[in-house]
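# Report on the structure
Chain by chain, the residues:
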Amino acid sequence: MRVLVTGHRGYIGPWVVRLFKDAGHEVVGVDVGLFEGCAFEPLPYADAEWSRDFRDLSVRDLASFDAIVHLAAISNDPMGELDPGLTRAVNLEGSVALAECARDAGVSRFLFSGSCSVHGKGGDDAPADESSPVQPLSVYAESKVLAETRIGALAQPGFSPVFLRNATAFGHSPMLRIDLVVNNLLACAVARGEIRIHSDGSPWRPLIHCRDIAAALLAIAEAPVELTHGLAINVGDDGQNYRVKDVADVVGNLVPTARVIYTGEAVDDPRDYRVSFSRLRRLLPAFAPLYDLRTGAEDLLRRLQQRGFRQTDFDSPRYVRLRTLQRRGEVAELRYEKSSV
Ligand SMILES: NC(=O)c1ccc[n+]([C@@H]2O[C@H](COP(=O)([O-])OP(=O)(O)OC[C@H]3O[C@@H](n4cnc5c(N)ncnc54)[C@H](O)[C@@H]3O)[C@@H](O)[C@H]2O)c1
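Every value quoted in this text rests on a predicted model; they were computed, and no experiment measured them. (Residues numbered from 1 in each chain as written. Predicted model: local features only at pLDDT ≥ 70, side-chain atom pairs only at ≥ 80, totals over all residues. Heavy atoms only, no water.)

## Overview of the pairing of strand 2 (residues 26–30)
- Most of strand 2 is tucked away: four of the five residues are buried.
- Here five bridges tie strand 1 (residues 2–6) to strand 2, and the two strands are oriented parallel to one another. Bridge pairing in strand 2 links Val3 to Val27.
- Of the strand pairs in this sheet, strand 2 and strand 3 (residues 48–50) are connected by three bridges, and their pairing is parallel. By the bridge assignment, Val28 is partnered in strand 3 with Ala48. (Buried < 20%, exposed > 50% of the residue type's maximum accessible area, 1.4 Å probe, protein only. Helix = DSSP H or I, 4+ residues; strand = E, 2+ residues; numbered from the N terminus. Pairing = 2+ DSSP bridges.)

## Let's talk about the site of the ligand
- Around the ligand, the surrounding shell holds 30 residues, and the nearest of these are Asp31, Leu71, Ser75, Ser113 and Tyr140.
- At a separation of 3.3 Å, an oxygen atom of the ligand approaches a polar backbone atom of Gly10.
- Calculation on the ligand without its partners gives an accessible area of 830 Å², and the protein chains cover 98% of this total.
- For the shell around the ligand, the secondary-structure elements that each account for two or more residues are strand 5 (109–115), helix 5 (139–152) and strand 7 (168–170).
- No other element matches the three residues that strand 5 contributes to the shell around the ligand. (Near = heavy atom within 4 Å. Polar contact = N/O pair within 3.5 Å; in protein donor to acceptor, adjacent residues only side chain to side chain. Areas by Shrake-Rupley, 256 points an atom, 1.4 Å probe, with all protein chains shown as cover.)

## Quick look at empty space enclosed by the protein
- Per the stated rule, a full pass over the model turns up one cavity of 30 Å³ or more.
- Put simply, the largest cavity is a space of about 30 Å³.
- The wall of the largest cavity is formed by Arg109, Leu111, Ser160, Val162, Ile220, Ala221, Val225 and Thr228.
- For the lining of the largest cavity, the secondary structure elements donating two or more residues are strand 5, strand 6 (160–166), helix 7 (210–222) and helix 8 (225–228).
- Across the lining of the largest cavity, the residue classes break down as five nonpolar, two polar and one charged. (1 Å grid on protein atoms, 1.4 Å probe; cavity = no way out; pocket = protein on both sides within 12 Å on 5 of 7 lines; lining within 4 Å. Points joined across faces, edges and corners; volume = space filled by probe spheres on them. Nonpolar A, V, L, I, M, F, W, Y, C, P; charged D, E, K, R; others polar.)

## Brief notes about the pattern of salt bridges
- Tallied over the full model, the rule gives 19 salt bridges.
- Between Arg88 and Glu142 there is a salt bridge whose closest N-O contact spans 3.8 Å. Note that Arg88 is positioned in helix 4 (residues 84–105) and Glu142 in helix 5, a separation of 54 residues in sequence.
- Under the relative-accessibility criterion, Arg88 is labelled partly exposed at 35%.
- The salt bridge partner of Glu93 is Arg150, with a shortest N-O separation of 3.2 Å. Of this pair, Glu93 sits in helix 4 while Arg150 sits in helix 5; the two residues are 57 residues apart in sequence, bridging distant segments of the chain.
- Take Glu93: its relative accessible area is 40%, and that puts it in the partly exposed class.
- Arg150 sits in the partly exposed class, given a relative accessible area of 36%. (Salt bridge = Lys/Arg side-chain N within 4 Å of Asp/Glu carboxyl O.)

Pasting the structure below:
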C-alpha cells in the first residue's frame, strides 16, 4: 500500500512510520513541524517527507495513495483551549476538507485518529462503548466528535473512513511527550523524586501504549475494507482502564524513592471515563497490545534513566506540547501561514 501519514513527526507518528514501513508499505509523511527540535531520539524517516500544512494538499497531491492515516491535529485539551478557532480550523474543517480531497482523489481508506475523550464524564457508570452518547467536554473533544460526523457522512463505495477513538497514550516514542498522565507521573518521579497527582486521583482513564495505537492503525489499514467501513472503533484494552491513583501506584512501585503529592490543582478537570473495547476485539481478534501499563512504564523508565533525564528536562518546554507552542508562538504562525495562502 502507498500510505500518506499526516502529523508523522509527532508522538504517535514515528511508530506509525516504523510499523507501516516494517510491514512493507510505502510511507509518505506530511508534517508542518510544530515540534521540530523537540525529539527525544532521532526519528525514523518516511520514504518521502513533505514539510507542509496538510490543509494545503490538493486532489492531485493525494491521487496516488491507497490510504491516509490522519494524525495531524492540535492534539489535547489545553492546546485546544489556547486557540479554539484554530483547533476547529485544523481538527475539524481541515480534516473534513482533507477527507473530501481524499474521496475525490480516489483514496479508498481514511483512518482518522480520534479520541476516547469524546466520552467525557462516565465515572463509575458502565464502560462507554461506541454506541454510548458522546459527551465532549472541551473544544478538542468536540472537534473530534464533529469531524467524525462530517467525515462519516462522506462514506461511500470506494471511500471508507474509519474513526479510531484512541485511549490516552503513554510510553516511549522518539518524539516523547510528558504531558500525558502516565508519562508525566513517571517523568516527574524520575526527575524530581515526586509523583504529583493534580486531581484527587479518582478519575478513570483508559490507557494504551503509543506503539499499540500505531499497531491498531496498521491492523485496520490491512483489514478487509468493508469490515471497518464508516465505523468508530475504541482503541485500547478492557484491562487497561485505570484510576489516576492506580497509575500513581504503578509508578510508585517502579520508583519507590518518589513520594506521592496531591497538588489539588486540577479539581475542576471533569474528564472521568471508562471505555469498552469489545468492538475492536470482535473485529480484529488477532490484534493484541504489546504493552500494558506496567511493561510500558518499565520500558519508558529504563529509557529515561539511560538518557539521564533530570529536572531541567522535566521543566523545559521540549516534551510538553502546550509549552512549546506558547514559547514559539507556533499557533499564531500556523494560522498566519494558512490564511496567507
Ligand atoms: N497522544 C494521545 O494520548 C492521543 C490520544 C488520542 C488521540 N490522539 C490523536 O492522535 C493524533 C496524534 O497525536 P500525537 O500525540 O502524536 O500528537 P502530537 O501533537 O505529538 O503530533 C501532532 C503532529 O501533527 C503536526 N501538525 C499539526 N497541525 C498540522 C497541520 N496543519 N499540518 C501538518 N502537520 C500538522 C504537528 O507538527 C505534530 O508533529 C492527534 O490527532 C491526536 O488528537 C492522541
